[in-house]
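Residues per chain, in single letters:
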There are 4 protein chains.
Amino acid sequence: MTERTPETLKRRLFEFAKEFPFFKLIGFELVDVEPKWSKTQLTFRPDLRNPNGVMHGGVIATLIDASIAQAMLMTDEYQRVRDTKGSMTSVDLRVRYLRPVSDGKITCEARISHLGRRIGHASAVVTNDHGKDVAIGESIIMVDIKDA
Amino acid sequence: MTERTPETLKRRLFEFAKEFPFFKLIGFELVDVEPKWSKTQLTFRPDLRNPNGVMHGGVIATLIDASIAQAMLMTDEYQRVRDTKGSMTSVDLRVRYLRPVSDGKITCEARISHLGRRIGHASAVVTNDHGKDVAIGESIIMVDIKDA
Amino acid sequence: MTERTPETLKRRLFEFAKEFPFFKLIGFELVDVEPKWSKTQLTFRPDLRNPNGVMHGGVIATLIDASIAQAMLMTDEYQRVRDTKGSMTSVDLRVRYLRPVSDGKITCEARISHLGRRIGHASAVVTNDHGKDVAIGESIIMVDIKDA
Amino acid sequence: MTERTPETLKRRLFEFAKEFPFFKLIGFELVDVEPKWSKTQLTFRPDLRNPNGVMHGGVIATLIDASIAQAMLMTDEYQRVRDTKGSMTSVDLRVRYLRPVSDGKITCEARISHLGRRIGHASAVVTNDHGKDVAIGESIIMVDIKDA
């Protein structure tokens, strides 16, 4: 009940993100989250490099995918999905790489732009420490709310 | 010189993949590689899970991206890019998720379907231990061969 | 009833395609169709050119979209959708352009590669008169079968 | 010379668009254009319908593709491409369909979001008469400026 106030929900999302094994593995950090929006970060590390010496494209794809998932968590739709034991699944992820990343932190802002009864659309922009765009991402989410 | 025989090149690619830090971080394994083709694997681990308990979509995206890169390494085009100090960069990655992964190994077969003077197109299929398709991926690679 | 034999269905699809106004507008022709597969054609005409003098990308996108729709029509899933007054809608279309088209006929082969309870995935390849690939397309179809 | 003032260029683009055969075929209209931006329209007509009775997805894809091309025409980059007899080609088009169109006019706003030395990225939003989003599109443009 009281668990459902936005403040409580948000606090729990932060606690969860901090300890979640996969997020620790790649250094994913939740910076802020609202319904249909999130801001997240990831820091360049030598073991996140591809053989060319820059951050692996898969790491950037992971940051985008994880950020979009965070942007869903505070929506009413997601709460209804949880309540009805339905599901919300990313069925499509697309990343366009604009610039290589070779140091510093990258920041991802994700937005749910359209959220219908069956399908949601999200987008994300990743920027580097200098504010330059590093990658843009789009995702399609399938929503399955079970009727009572 | 002799380094350039396909057998020597292949052996070096295997040695490299085995020790490469990012590949070790997520458990990426090179199974086989030919010009324009690769077969790679990744094993389910608890710390590769997303909060729903199945393999994170970003890990599958990473497997696809890394596999497509491997499929480029034995091509003549890639060797020319290296010789001319040009570059070969993935500019676009798309992944469609078909089934969740919750155990076992997943296998990725990547193919370079079109390789032009300026742009290459690649595709990949990821299957699970039961031979079922888990994800399909497509990638666009920008080729920059410097003229002598 | 007898309407539902594959032969009758196929004959009706050909008759329909021949007279359908939009297909006549752009010159779309059905060559052959099977469940989950279709072959279609379109002939270069001066009024299908873009300002650069080659066939407009939108025409090629239309050929791919229409071909994938044809490939759905003979599937059992589509018949069930019709019977339950459900719907089958293309929610995503992607086209990658490989070569310009400046004369002759182009041929599109479309395939439904995955058809689930909720989502279908299709792909298509467009070739020119010389058998060279002109474009490749992918599509996501949302299936909505109403339960009785 | 004087041909190159923005006003003259814009006037010529309007004149061209009005008479261009393919634009007349499908009813494509240029509403406004600036460097890296365009606004265009298309009116629902019975012969633009798909077999389900709503506007064919290919027509919407065409509107998006044509609008993005218009948004390139007033850029300095495009003028340099013309001067050097280089080329600017759409290599990738993606359309996500959000709502069917069954009457009225649809309006497309296209933007070139990133324009580099080799690759440009564009996006477009199509809305209906009620201001609701009908489709969103993204495109990748390959730029080939020939060095003097």
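Description of the structure in this document. The model shown is predicted, which means the values in this text are computed figures rather than measured ones.

**Overview of the overall build of chain A**
Here is step 1 of the chain: Check the secondary structure of chain A and you find four helices and six strands.
Here is step 2 of the chain: Starting at the N terminus and walking to the C terminus, you meet the elements of chain A as α-α-β-β-α-α-β-β-β-β.
Here is step 3 of the chain: For 148 residues, the compact-globule formula gives about 15 Å, and the C-alpha radius of gyration of chain A, at 16 Å, lands near that figure.
Here is step 4 of the chain: Here the C-alpha coordinates of chain A stretch approximately 50 × 30 × 25 Å along the principal axes.
Here is step 5 of the chain: Taken over 148 residues, chain A has a buried fraction of 54%.
Here is step 6 of the chain: For chain A, contacts bridging at least 24 residues in sequence account for 59% of all contacts bridging at least 6.
Here is step 7 of the chain: Counting only carbon and sulfur atoms, one obtains 51% of the accessible surface of chain A, whose full area is about 6800 Å².
Here is step 8 of the chain: Counting 22 positive and 20 negative side-chain charges, chain A places the averaged centre of each group 2 Å from the other.

**Topic: the side chain of His-121 of chain B**
Here is step 1 of the chain: Structurally, His-121 of chain B is set in strand β5 (residues 119–127).
Here is step 2 of the chain: A relative accessible area of 3% means that His-121 of chain B is categorised as buried.
Here is step 3 of the chain: Discounting chain neighbours no more than four positions away, the residues touching His-121 of chain B are Arg-111, Ile-112, Ser-113, His-114, Ser-139 and Ile-140 of chain B together with Arg-96 and Leu-98 of chain C.

**A look at the relation of the copies chain B and chain A**
Here is step 1 of the chain: Once chain B is rotated about the relating axis by 180° and shifted along it by 0.0 Å, it coincides with chain A to within an RMSD of 0.0 Å. Look at the turn and shift together and you get a two-fold axis relating the two. Within chain B, the C-alpha atom positioned nearest to the axis of rotation is that of Arg-94 of chain B, 2.1 Å from it.
Here is step 2 of the chain: Here 100% of the contact residues of chain B are again contact residues in chain A; the copies associate through an equivalent surface.

**Regarding the sheet that holds strand β6 (residues 133–144) of chain C**
Here is step 1 of the chain: With antiparallel pairing, 12 strands are arranged side by side in an open sheet as β1(C)-β2(C)-β4(C)-β5(C)-β6(C)-β3(C)-β3(D)-β6(D)-β5(D)-β4(D)-β2(D)-β1(D). Both outer strands of the open sheet, β1 (29–34) of chain C together with β1 (29–34) of chain D, are each paired with one neighbouring strand and no more. Taking the axes of each pair of neighbouring strands and ignoring which way they run, one obtains an average angle of 20° across the sheet.
Here is step 2 of the chain: Pairing of β1 of chain C with strand β2 (residues 37–43) of chain C involves five bridges; the strand directions are antiparallel. Pairing of Val-33 of chain C across the sheet is with Ser-38 of chain C, part of β2 of chain C.

**Some details on the environment of Leu-30 of chain C**
All names here are of chain C.
Here is step 1 of the chain: Within the secondary structure layout, Leu-30 lies in strand β1.
Here is step 2 of the chain: Looking at Leu-30, the relative accessible area reads 11%, which means it is buried.
Here is step 3 of the chain: Each C-alpha atom of the pair Leu-30 and Phe-14 lies 6.6 Å from the other, and the pair is 16 residues apart in sequence.

**Overview of the pairing of strand β3 (residues 87–97) of chain B**
Here is step 1 of the chain: A large share of β3 of chain B lies buried, amounting to eight of its 11 residues.
Here is step 2 of the chain: Of the pairings in the sheet, the one linking strand β3 (residues 87–97) of chain A to β3 of chain B comprises five bridges and is antiparallel in character. Considered in β3 of chain B, the bridge of Arg-96 of chain A is made with Asp-92 of chain B.
Here is step 3 of the chain: In this structure, β3 of chain B lies alongside strand β6 (residues 133–144) of chain B, joined through 10 bridges in antiparallel fashion. Its bridge partner being in β6 of chain B, Thr-89 of chain B is matched across the sheet by Met-142 of chain B.

**So, the side chain of Thr-40 of chain D**
Residues and elements named next belong to chain D.
Here is step 1 of the chain: For Thr-40, the position within the fold is in strand β2 (residues 37–43).
Here is step 2 of the chain: Here Ser-67 takes part through its side chain, which lies 2.5 Å from a polar atom of the side chain of Thr-40.
Here is step 3 of the chain: Setting aside residues no more than four positions away along its own chain, Thr-40 makes contact with Phe-28, Glu-29, Leu-30, Val-31, Leu-63, Ser-67, Ile-106, Thr-107 and Cys-108.

**Side note on the sheet that holds strand β1 (residues 29–34) of chain A**
Here is step 1 of the chain: Taken together, 12 strands build an open sheet; the order of strands is β1(A)-β2(A)-β4(A)-β5(A)-β6(A)-β3(A)-β3(B)-β6(B)-β5(B)-β4(B)-β2(B)-β1(B) and the sheet is antiparallel. Each edge of the sheet is formed by a strand with only one pairing partner; in this case those strands are β1 of chain A together with β1 (29–34) of chain B. Sheet twist, expressed as the average angle between the axes of neighbouring strands with direction ignored, equals 20°.
Here is step 2 of the chain: Helix-sheet contacts for helix α4 (residues 76–83) of chain B involve β3, β4 (105–115) and β6 of chain B, and the interaxial angle to β3 of chain B is about 140°.

**Quick look at the relation of the copies chain A and chain D**
Here is step 1 of the chain: Superposition of chain A onto chain D requires a rotation of 180° combined with a translation of 0.0 Å along the rotation axis, giving an RMSD of 0.0 Å.
Here is step 2 of the chain: A high fraction, 100%, of the interface residues of chain A reappear at the interface in chain D, so the copies pair face to face through one surface.

**A few points about unusual backbone geometry**
Here is step 1 of the chain: Despite not being glycine, Lys-36 of chain A shows a phi value in the positive range, around 70°.
Here is step 2 of the chain: Of note, Lys-36 of chain A is situated in the loop between β1 and β2 (37–43).

**A word on the packing of helix α3 (residues 57–73) of chain C against helix α3 (residues 57–73) of chain D**
Here is step 1 of the chain: As a packed pair, α3 of chain C and α3 of chain D sit with axes 8 Å apart at the nearest point and diverge in direction by 155°. Classed by the angle they form, the pair α3 of chain C and α3 of chain D counts as roughly antiparallel. Between α3 of chain C and α3 of chain D the crossing geometry is right-handed. Taking contact as the criterion, the partners of Gly-57, Gly-58, Val-59, Ala-61, Thr-62 and Asp-65 of chain C in α3 of chain C are, on α3 of chain D, Gly-57, Gly-58, Val-59, Ala-61, Thr-62 and Asp-65 of chain D.

**Observations regarding helix α3 (residues 57–73) of chain B**
Each full turn of the α-helix corresponds to 3.6 residues, which orients residues three or four apart in the same direction.
Here is step 1 of the chain: Taking 1.5 Å per residue, 17 residues should reach 24 Å; α3 of chain B reaches 25 Å between its end C-alpha atoms and fits that length.
Here is step 2 of the chain: Extensive coverage of α3 of chain B is indicated by the burial of 16 of its 17 residues.

**Side note on the interface of chain B and chain A**
Here is step 1 of the chain: Each partner contributes residues to the interface: chain B has 30 residues there, and chain A has 30 residues.
Here is step 2 of the chain: In total, chain B and chain A occlude about 2300 Å² of area from one another, counting both sides; carbon and sulfur atoms represent 60% of this.
Here is step 3 of the chain: The interface formed by chain B and chain A holds two salt bridges in total.
Here is step 4 of the chain: Ionic pairing is found between Asp-92 of chain A and Arg-94 of chain B, a salt bridge with its closest N-O pair at 2.6 Å.
Here is step 5 of the chain: Broken down by secondary-structure element, the contributors of at least two residues to the side of chain B that touches chain A are α2 (21–26), α3 and β3 of chain B.
Here is step 6 of the chain: It is β3 of chain B that provides the largest number of residues to the side of chain B that touches chain A, a total of nine residues.
Here is step 7 of the chain: The residue inventory of the side of chain B that touches chain A, partitioned by class, reads 16 nonpolar, seven polar and seven charged.

Rules used throughout
Residues numbered from 1 in each chain as written. Chains lettered and ligands numbered in written order. Predicted model: local features only at pLDDT ≥ 70, side-chain atom pairs only at ≥ 80, totals over all residues. Heavy atoms only, no water. Helix = DSSP H or I, 4+ residues; strand = E, 2+ residues; numbered from the N terminus. Rg over C-alpha atoms; globule rule 2.2 N^0.38 Å. Buried < 20%, exposed > 50% of the residue type's maximum accessible area, 1.4 Å probe, protein only. Contact = heavy atoms within 4.5 Å. Areas by Shrake-Rupley, 256 points an atom, 1.4 Å probe, with all protein chains shown as cover. Lys, Arg positive; Asp, Glu negative; His and termini not counted. Charge placed at Lys NZ, Arg CZ, Asp CG, Glu CD. Least-squares fit on C-alpha atoms with pLDDT ≥ 70 in both. Pairing = 2+ DSSP bridges. Axes fitted to C-alpha atoms, helices over the stretch in contact; angles between N-to-C directions. Polar contact = N/O pair within 3.5 Å; in protein donor to acceptor, adjacent residues only side chain to side chain. Parallel < 35°, antiparallel > 145°, perpendicular 65-115°, else oblique. Left-handed = near helix turned anticlockwise from the far one by under 90°. Expected span 1.5 Å × (residues − 1). Buried area = accessible area lost by both parts, 1.4 Å probe. Salt bridge = Lys/Arg side-chain N within 4 Å of Asp/Glu carboxyl O. Nonpolar A, V, L, I, M, F, W, Y, C, P; charged D, E, K, R; others polar.

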